[in-house]
Amino acid sequence: MESFVCVSINYKRCGEEIRGEFTPEEHLRAEFIAQRAEHSPVILCTCCRTELYMTGSSDLAVSILAQLGGVTEGYVRRYAMIFDGEGAVRHLFRVASGIDSAIVGEDEVLGQLKNAYAFSAERIALCDRVNIIFQSAVAAAKRIKTRTAISRTSVSHATLAAKLAAHSAPEPEVLLIGASGSTGKTLLKNLLSYRNVRVIATMRSHSGMAILPKSSSLTIVPYDERYDFIPQCDCVISATTSPHTVISADRLTAPIKPQLFIDLAIPRDIDPAAGELPGITLRGVDYFRELAADNSQLKQDSVEQAKQMISEDIDELKKTLLMHDIQPFLRDSGVLSGMTAEELFYRLRSGLDSGSFSAVAEVVRGLGGK
């Protein structure tokens, strides 16, 4: 685990604007990963964090993330949380399980982490160590979500945003920009679960319509016509992966009725100046972290249980990595060839301290019961 590191730009250390500086477009991430293939990089980008996981030193990881963000190393160190060795592994497990999320127990981050891992694995040959660590983190997260209450009554930015939109008016009309993305799909599903909500969703092409649910409460309109539908809506939600704003304040006018704008994108989709127009209330990603504070408090018992489970899983991971490292030596050296079990036992007795040897003895005694 010693060479495994993580540099994290997340909601704990900086706000939406700073996080937005470290959210490169997909093609840039792909090029970057290919250029740094020898370090097996995995880049996780969500609305709450951008994290670089890789093999190497933490100093090198900081330098690489600075290059990705187009900033200085000092700038990265000012805002980043840096983990190495077992600390980096533990952080990854906590992120995967949702206990490090702004909204504790949210489910979306596990899917985002799996996608980030697959994104790298499809483009470069990740080293065995990184593969084992990420696969173990995913397995641990699934075990935690199954055996604890941390994900029951699941809450996420998307579910909270949908609830807020559904209560923005007695029978709200909601414009959803970015319905085909992962967050957009969750938003749309949650919005349509409210019987009083009518949704207008934008699509860039007709080919994407097949992935959207069928509902009498849903209308699909071209993305380029989004401004035409804003005046009639009670709520506008945007959750695209665009590197630029998709709603500009200078193309908006003060509404004839109160409007709620919700921006779930990092970098921001909606020009912050829109929130200064009379009659418009603008809410961003970090607003929902505060909204979920009570929910997070209720889940603290599950968080403590999850931390204990993570410690157990990391202990198992250490043994898996040790076995992976020693197997080639055992296979190639033939050091155990012809050695009896009793001879091996005496060798272990000579090489281990009393506590470690006692643990080996207990395992051997246990074999007699099988």
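What this report covers is the structure whose coordinates are included nearby. What you see is a predicted model, and the numbers here were worked out from it, not measured in a lab.

### A short note on the overall build of the chain
Consideration 1: When you go through the chain residue by residue, the secondary structure sums to 15 helices and ten strands.
Consideration 2: Taken over the C-alpha atoms alone, the chain extends approximately 85 × 45 × 40 Å along its principal axes.
Consideration 3: Sorting the 370 residues of the chain into buried and exposed places 48% on the buried side.
Consideration 4: If you take every contact in the chain between residues at least 6 apart in sequence, the share linking residues at least 24 apart comes to 71%.
Consideration 5: Split by element, the accessible area of the chain, about 18400 Å² in all, is 51% carbon and sulfur.

### Quick word on the pairing of strand β1 (residues 4–10)
Consideration 1: Most of β1 is tucked away, with seven of its seven residues classed as buried.
Consideration 2: The two faces of β1 match: Phe4, Cys6, Ser8 and Asn10 on one face and Val5, Val7 and Ile9 on the other face are all buried.
Consideration 3: In this sheet, strand β3 (residues 49–55) lies alongside β1 in antiparallel orientation, the contact comprising seven bridges. Residue pairing across strands places serine 8 opposite glutamate 51, the latter belonging to β3.

### Concerning the side chain of serine 242
Consideration 1: Checked against the element boundaries, serine 242 lands in the loop between β8 (235–238) and β9 (259–263).
Consideration 2: Assessed through its relative accessible area of 17%, serine 242 is described here as buried.
Consideration 3: Of the polar contacts made by the side chain of serine 242, one reaches the backbone oxygen of histidine 244; its length is 2.9 Å.
Consideration 4: Once residues within four sequence positions are removed from consideration, serine 242 is found in contact with Pro267 and Asp269.

### Quick notes on the packing of aromatic side chains
Consideration 1: Applying the stated criterion across every chain, the model contains eight aromatic pairs.
Consideration 2: Considering the side-chain rings of tyrosine 75 and tyrosine 79, the 5.2 Å spacing of their centres and the 65° angle between planes classify their relative orientation as edge-to-face. With a gap of four residues between them, tyrosine 75 and tyrosine 79 both fall in helix α4 (residues 73–79), about one helical turn apart.
Consideration 3: In this structure tyrosine 79 comes out as buried when scored by relative accessible area, which is 14%.
Consideration 4: Through a chain of ring-to-ring contacts, three or more aromatic side chains come together here, namely Phe4, Tyr53, Tyr117 and Phe134.
Consideration 5: For arginine 29, the ring lying beneath its charged end belongs to phenylalanine 119, and the centroid distance is 5.3 Å.
Consideration 6: The ring of phenylalanine 119 has arginine 123 lying over it, and the distance from NZ or CZ to the ring centre is 3.6 Å.

### Here we look at the sheet that holds β1
Consideration 1: The four strands are arranged β2-β3-β1-β4 in an open sheet whose pairing can be described as antiparallel. The open sheet has two edge strands, β2 (42–45) and β4 (81–84), and neither has a second partner. With strand direction ignored, the average angle separating the axes of adjacent strands in the sheet is 10°.
Consideration 2: The strands that helix α7 (residues 128–147) touches are β1, β2 and β3; relative to β1, the one it contacts most, it runs at about 55°.

### Remarks on the environment of glycine 111
Consideration 1: Residue position: glycine 111 is located in helix α6 (residues 108–121).
Consideration 2: Take glycine 111: its relative accessible area is 30%, and that puts it in the partly exposed class.
Consideration 3: For the pair formed by glycine 111 and alanine 141, sequence separation is 30 residues and the distance between their alpha carbons is 11 Å.

### A look at the packing of helix α8 (residues 157–166) against helix α9 (residues 182–192)
Consideration 1: Where α8 meets α9, the axes come as close as 9 Å, and the angle between the chain directions of the two elements is 40°. By the criterion of interaxial angle, the relationship of α8 to α9 is oblique. Judged by the sense of rotation from one axis to the other, the crossing of α8 with α9 is right-handed. Along the contact surface, α8 presents Ala158, Thr159, Ala161, Ala162 and Ala165, while α9 presents Thr183, Thr186, Leu187, Asn190 and Leu191.
Consideration 2: Taken together, the residues of the contact of α8 with α9 break down into six nonpolar, four polar and no charged.

### Looking at the pattern of salt bridges
Consideration 1: The final tally for this structure, using the stated rule, is 19 salt bridges.
Consideration 2: Residue arginine 49 is joined to aspartate 100 by a salt bridge in which the shortest nitrogen-to-oxygen separation is 3.1 Å. Taken as a pair, arginine 49 in strand β3 and aspartate 100 in the loop between α5 (86–97) and α6 lie far apart in primary sequence, 51 residues in all. Per residue, the accessibility class of arginine 49 equals that of aspartate 100, and both read buried.

### Some remarks on a nonpolar patch on the surface
Consideration 1: A grouping of Met323, Ile326, Phe329, Leu330, Val335, Leu336, Leu344, Leu348 and Leu352 is seen on the molecular surface, where their side chains present a nonpolar patch of about 700 Å² in accessible area.
Consideration 2: Counting through the fold element by element, leucine 344 comes out in helix α14 (residues 341–351).
Consideration 3: Taking relative accessible area as the criterion, leucine 344 reaches 33% and is therefore assigned partly exposed.

The rules behind each value
Residues numbered from 1 in each chain as written. Predicted model: local features only at pLDDT ≥ 70, side-chain atom pairs only at ≥ 80, totals over all residues. Heavy atoms only, no water. Helix = DSSP H or I, 4+ residues; strand = E, 2+ residues; numbered from the N terminus. Buried < 20%, exposed > 50% of the residue type's maximum accessible area, 1.4 Å probe, protein only. Contact = heavy atoms within 4.5 Å. Areas by Shrake-Rupley, 256 points an atom, 1.4 Å probe, with all protein chains shown as cover. Pairing = 2+ DSSP bridges. Polar contact = N/O pair within 3.5 Å; in protein donor to acceptor, adjacent residues only side chain to side chain. Phe/Tyr/Trp six-rings, centres within 6.5 Å; stacked < 30°, edge-to-face > 60°. Lys NZ or Arg CZ within 6 Å of the ring centre and 35° of its normal. Axes fitted to C-alpha atoms, helices over the stretch in contact; angles between N-to-C directions. Parallel < 35°, antiparallel > 145°, perpendicular 65-115°, else oblique. Left-handed = near helix turned anticlockwise from the far one by under 90°. Nonpolar A, V, L, I, M, F, W, Y, C, P; charged D, E, K, R; others polar. Salt bridge = Lys/Arg side-chain N within 4 Å of Asp/Glu carboxyl O. Patch = residues over 30% accessible without salt bridge, like charges linked within 9 Å, V, L, I, M, F, W, Y side chains within 5 Å.

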